[in-house]
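Chain by chain, the residues:
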Amino acid sequence: MSAVPSDEEFRTYNQGVISEFRAHQGKVNQPPFPILLLTTTGARTGRRRTVPLGFGVDDRGRVFVVGSKAGAPRHPAWFHNLRADPAVTVELGDRTHQARGVVTTGEERDRLYGLVSDGTSAYERNTGRTFPLVVLEGVPAPD
């Protein structure tokens, strides 16, 4: 098994990605795939929290994200926050959208997940949990 970064390592890495994203209108060098910034409201604290996430787009143009947290044993904090309050802000490219996070389940979750993973990634090997998948209603697919 590969090591999952600590929460502090996640925070440090994410802050660098967020700064680069905002400085370059949504473009970053790392990670090597397109990302968006998701801002949720803390379920316990009420504070706004922003995280960079890779995203997928389905055949209907819906933008979605996966709560992998690098294969950590627990779901990411943003997912818990989103379940408590599905109203989110999404920065994609140089645009900002108010959106609603909708957790998918069952066949729909599996179909969407299959668009971004074949189920054999190192993240999946790190954990036995099923990664949650969230459709971001109100976010148009990038051009």
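Residues numbered from 1 in each chain as written. Predicted model: local features only at pLDDT ≥ 70, side-chain atom pairs only at ≥ 80, totals over all residues. Heavy atoms only, no water.

Another aspect to go through is the nonpolar core. By size, the foremost hydrophobic cluster in this structure holds 17 residues, and its most contacted members are Leu36, Leu38, Val65, Trp78, Val90 and Leu136. At the level of secondary structure, the elements contributing two or more residues to this core comprise strand E1 (35-41), strand E2 (48-54), strand E4 (62-66), helix H2 (77-84), strand E5 (87-92) and strand E7 (133-140). Not counting residues up to four positions away in its chain, the partners in contact with Leu36 are Phe21, Val51, Pro52, Leu53, Phe55, Val63, Val65, Val90, Glu91, Leu92 and Leu136. If you look at the next biggest cluster of nonpolar residues, it comprises 7 residues, including Val66, Phe131, Leu133 and Val135. (Core = buried A, V, L, I, M, F, W, Y, C linked by side-chain atoms within 4.5 Å. Buried < 20%, exposed > 50% of the residue type's maximum accessible area, 1.4 Å probe, protein only. Helix = DSSP H or I, 4+ residues; strand = E, 2+ residues; numbered from the N terminus. Contact = heavy atoms within 4.5 Å.)

Here we take up the sheet that holds E4. To summarise the sheet geometry, strands pair through backbone hydrogen bonds and adopt either a parallel or an antiparallel arrangement. Strands sit in the order E2-E1-E5-E6-E7-E4-E3 across an open sheet of 7 strands; the sheet is antiparallel. Each having just a single partner strand, E2 and strand E3 (56-57) make up the two edges of the open sheet. In the sheet, E1 pairs with E2 via 7 bridges, with the strands oriented antiparallel. If you follow Leu36 over to E2, its bridge partner there is Leu53. (Pairing = 2+ DSSP bridges.)

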